[in-house]
Amino acid sequence: SSALWSWFMLSTSSSEYLKLDEEIMQELISGINTENFGAELRGTINLLGEAFFLNSQFPEALSLYQKVIDLSEELNLRDGPYSSALSYKGTILRQINSLEEAEKFLQKRLILNKERNVPLGLGSSYAQLAHTFLAQKDLEKATTYLDSAVQVMKGKEECIPCLLMIKIVRAGIDNQLGQHQ
């Protein structure tokens with residue numbers, strides 16, 4: 001649709017913070033439902049969710065990621081768009097302090113990445129769960145999951161965000177243990 005193209009151009013051509021036109025977003029959201037859209041548009045819905053996420057519009061992002069999750073499960077598609085939606089939904093839930101809910105979605109993603117044998121996804125899943133357990137102040141689980149993330153990510157420097165998350169979580173664990181450096 002023209003709204004989708006407008007949003008795409010806006011989000012990819014601006015070097016400033018992504019600023020979404022509310023009318024474009026509402027037009028896109030109103031047209032998204034599982035009855036009319038198949039598997040090929042889950043990535044597009046994820047992109048729209050990411051735009052809301054980047055603008056801290058968490059309720060809208062959560063709704064879109066849930067649409068991708070529901071559609072993926074309905075169509076039995078256990079792939080990248082499904083993994084991404086689980087990841088973002090878990091991340092948002094952690095950020096808004098719904099830690100048990102976040103853990104549920106992130107555990108689902110970990111299982112998915114184990115089944116699919118996706119090393120970067122697996123490392124990222126372990127790191128996200130470690131971050132969630134750190135937020136829950138469960139340092140034992142945070143350390144266990146962080147160690148798993150480190151093992152999986154050895155020699156895989158191409159996932160810079162994964163490696164940064166590992167460093168952040170390690171620093172958080174050290175901080176909570178009083179081992180400041």
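Rules behind the numbers
- Residues numbered from 1 in each chain as written.
- Predicted model: local features only at pLDDT ≥ 70, side-chain atom pairs only at ≥ 80, totals over all residues.
- Heavy atoms only, no water.
- Phe/Tyr/Trp six-rings, centres within 6.5 Å; stacked < 30°, edge-to-face > 60°.
- Buried < 20%, exposed > 50% of the residue type's maximum accessible area, 1.4 Å probe, protein only.
- Helix = DSSP H or I, 4+ residues; strand = E, 2+ residues; numbered from the N terminus.
- Patch = residues over 30% accessible without salt bridge, like charges linked within 9 Å, V, L, I, M, F, W, Y side chains within 5 Å.
- Areas by Shrake-Rupley, 256 points an atom, 1.4 Å probe, with all protein chains shown as cover.
- Salt bridge = Lys/Arg side-chain N within 4 Å of Asp/Glu carboxyl O.
- Expected span 1.5 Å × (residues − 1).
- Contact = heavy atoms within 4.5 Å.
- Axes fitted to C-alpha atoms, helices over the stretch in contact; angles between N-to-C directions.
- Parallel < 35°, antiparallel > 145°, perpendicular 65-115°, else oblique.
- Left-handed = near helix turned anticlockwise from the far one by under 90°.
- Core = buried A, V, L, I, M, F, W, Y, C linked by side-chain atoms within 4.5 Å.

## Remarks on the packing of aromatic side chains
Part 1 of the argument: Going through the model one piece at a time under the given rule, you end up with five aromatic pairs.
Part 2 of the argument: Ring plane angle 40 degrees and centroid distance 5.9 Å describe the contact between Phe-53 and Phe-58, whose orientation is recorded as tilted. Across this residue pair, the class does not change: Phe-53 and Phe-58 are buried.
Part 3 of the argument: Ring centres of Tyr-65 and Tyr-88 lie 5.1 Å apart, and the angle between their planes is 0 degrees; this geometry places the pair in the stacked category. Linking Tyr-65 in helix 4 (residues 58-74) with Tyr-88 in helix 5 (residues 80-95), this pair joins segments that are 23 residues apart in sequence.
Part 4 of the argument: Members of the aromatic cluster, connected to one another through ring pairs, are Phe-53, Phe-58, Tyr-65 and Tyr-88.

## Things to note about a nonpolar patch on the surface
Part 1 of the argument: Side chains of Ile-160, Leu-164 and Ile-168 sit close together on the surface and give an oily, nonpolar patch of about 290 Å² of accessible area.
Part 2 of the argument: Looking at the element boundaries, Ile-160 is found in helix 9 (residues 160-176).
Part 3 of the argument: By relative accessible area, which is 49% here, Ile-160 ends up partly exposed.

## Structural notes on helix 5
Part 1 of the argument: Look at helix 5: 22 Å from first C-alpha to last across 16 residues, which is about the 22 Å you get at 1.5 Å a residue.
Part 2 of the argument: Looking at helix 5, one finds that the buried residues are Tyr-82, Ser-83, Ala-85, Leu-86, Ser-87, Lys-89, Gly-90, Thr-91, Ile-92, Leu-93 and Arg-94.
Part 3 of the argument: At its buried positions, helix 5 is contacted by helix 3 (42-54), helix 4, helix 6 (99-116) and helix 7 (119-135).

## Focus on the packing of helix 3 against helix 5
Part 1 of the argument: Contact geometry of helix 3 with helix 5 gives a least axis separation of 10 Å together with a crossing angle of 20 degrees. What the angle tells us is that helix 3 and helix 5 run roughly parallel. In the packing of helix 3 onto helix 5, the handedness of the crossing is left-handed. Residue-level contacts link Arg-42, Gly-43, Asn-46, Glu-50 and Phe-53 of helix 3 to Pro-81, Tyr-82, Ser-84, Ala-85, Tyr-88, Thr-91, Ile-92 and Gln-95 of helix 5.

## Here we look at the nonpolar core
Part 1 of the argument: The biggest cluster of nonpolar side chains holds 22 residues, and the ones touching the most others in it are Tyr-126, Tyr-145 and Val-169.
Part 2 of the argument: For this core, the elements supplying multiple residues, two or more each, are helix 6, helix 7, helix 8 (139-153) and helix 9.
Part 3 of the argument: Those residues in contact with Tyr-126 that sit more than four places away from it in its chain are Leu-110, Lys-114, Tyr-145, Ser-148, Ala-149 and Val-152.

## Describing the environment of Phe-58
Part 1 of the argument: Along the chain, the position of Phe-58 falls in helix 4.
Part 2 of the argument: Sequence separation between Phe-58 and Gln-95 is 37 residues; the distance between their C-alpha atoms is 9.5 Å.
Part 3 of the argument: Those residues in contact with Phe-58 that lie beyond four places of it in its chain are Phe-53, Ile-92, Gln-95 and Ile-96.

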